[in-house]
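Per-entry structural report
Residues per chain, in single letters:
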Amino acid sequence: MAVMITGGAGFIGSHVCVELIRSGQSVVIYDDFSNSHPEVVNRIARITGFAPDVVRGDVRDLAALTAALVEHRCTAVVHLAGLKSVADSVRDATGYYDCNLAGSLTLAQAMQRADVRKLVFSSSATVYGEPETLPLREDHRLAPFNPYGRTKLMAEQMLQDIAASADPLKVAILRYFNPVGSHESGLIGEDPYGEPNNLMPYISQVAVGRRPSLSVFGRDYPTRDGTGVRDYVHVVDLAVGHVSALRQLDDVDVINVNLGTGRGTSVLELVDAFASASGRDIPITFAPRRAGDVASYYASSDLAFDMLGWKAERDISAMCADAWKWQRLNPNGYRNA
Ligand code: WQD
């Protein structure tokens, strides 16, 4: 009996594997390794003492998914495999709809065939679009303004229709804010291929000397210091939220909650926190705003607490300290493992 984690070798997936194993579950990783490294599996084994089973496969392969669910006697699926770059989704809309939406549909079909009925789905705060009110509550207007966000919203709606169908799945939809940090061991962490899109891995690569400086995208936002404000959430807290959601699916058919801290942190504040945690200077230059960015985004996490009993435990300094430990111990990520 196992829980399948699609994308389980990725940044969030590897942390979810660790927390599921810690909660007593067996896990099987289903991953095509297009954006992750096989070394992650060894690291999960070093952290937990258990080496997860691994199936190399594509979420759009119905036969392979169905076979893996049956062979590993899966009781549930945590679906994390997907593409997550807003900018790339504009350039390659077809690829994003194919992977994120068609992939989620194929997984649902495979689960119905294999009679696996519990699904935890990785969604994103991007489904809200431009905030009308803050903090963002789950009943906020849903108006994503990029293909990535639309693939996530459409997948949410599709899965909720399937949950209400004659061949239902029980679905926990988790809307991530900004996952950052690493497991306290420093053995697993965020390892983007090429130049990082996201702020935290970019800062940590500057700190370790892989990049000369950070470009701060915009300093004229209506925020306390003019730079973008986001709700950064420790990836271990996020992973624990998945364990809680899976457990709650024993009693509830549909869950849809934010996973965030409820606190906003600006770019400059994160830079300062990382400099303090690492003892490294983070040179910055100011650049124009990045297309598609909004000024402020942070979650209401009340519903996650009410429905899952979950709230984030780790603060910004812990996120920075853990991210720095991972980067310091793995200056080139998993590649030199
Ligand atoms: C955070 C802030 C930037 C890089 C994205 C996705 C979202 C989710 C999380 C999947 C912003 C600023 C960034 C840099 C900077 N992914 N920044 N210099 O854009 O909030 O969300 O990742 O679910 O869907 O859109 O995160 O880390 O890219 O940016 O100044 O080199 O840092 O302008 O204010 P974002 P981010």
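Residues numbered from 1 in each chain as written. Predicted model: local features only at pLDDT ≥ 70, side-chain atom pairs only at ≥ 80, totals over all residues. Heavy atoms only, no water.

Inclusion rule: UniProt positions are given in the numbering used here, feature names are shortened, and annotations may be inferred rather than shown by experiment.
If you check an unreviewed UniProt entry, the protein appears there as UDP-glucose 4-epimerase from Tardiphaga alba. As recorded by UniProt, the Subunit (unreviewed entry) comment attached to the protein reads in full: "Homodimer." Recorded in UniProt under Sequence similarities (unreviewed entry), the annotation for the protein is "Belongs to the NAD(P)-dependent epimerase/dehydratase family."

1. So, the domain arrangement of the protein
Counted only if it meets this: Just so you know, the domain bounds were taken from an automatic or database domain assignment. Whether two residues are in contact is decided by their heavy atoms, any of which lying within 4.5 Å being enough. Using a 1.4 Å probe, buried area is obtained as the accessible area two parts lose upon being combined, added over both of them. Whenever two N or O atoms come within 3.5 Å, that pair is a polar contact, provided that in protein one can donate a hydrogen and the other can accept it, and provided that, for residues adjacent in sequence, both atoms are side-chain atoms.
Segmenting the protein into domains produces domain 1 (2–181 + 233–262) and domain 2 (199–229 + 263–299 + 315–329). For domain 1 and domain 2, the distance between their C-alpha centres works out to 26 Å. Every contact between the two is made by 20 residues of domain 1 and, on the other side, 14 residues of domain 2. Around 1400 Å² of area is buried between domain 1 and domain 2 when both sides are counted, 67% of it from carbon and sulfur atoms. Counting across the interface, domain 1 meets domain 2 through five residue pairs in polar contact (both at pLDDT 80 or more).

2. Some points on the packing of helix α7 (residues 199–207) against helix α11 (residues 316–329)
To keep it simple, the criterion reads: Every axis in this analysis is a line fitted to C-alpha atoms, fitted for helices over the stretch in contact. Angles between the N-to-C directions lie between 0 and 180 degrees. We count a stretch as a helix when DSSP gives it H or I for four or more residues in a row; a strand needs E for two or more, and each element gets its number in order from the N terminus. Any angle that is under 35 degrees is reported as roughly parallel, and any over 145 degrees as roughly antiparallel; angles of 65 to 115 degrees are reported as roughly perpendicular and all others as oblique. For any helix crossing, the convention is left-handed if the near helix is rotated counterclockwise from the far helix by under a right angle, and right-handed if that rotation is clockwise. Side-chain classes are defined by residue name, with Ala, Val, Leu, Ile, Met, Phe, Trp, Tyr, Cys and Pro counting as nonpolar, Asp, Glu, Lys and Arg as charged, and the others, Gly among them, as polar.
Interaxial distance between α7 and α11 falls to 10 Å at its minimum, and their mutual angle equals 55 degrees. Regarding the angle of α7 to α11, the classification is oblique. Between α7 and α11 the crossing geometry is right-handed. On the side of α7, the interface is formed by M200, P201, S204, Q205 and A207, while α11 contributes M319, C320, A323, W324 and Q327. Partitioning the contact of α7 with α11 into residue classes produces seven nonpolar, three polar and no charged.

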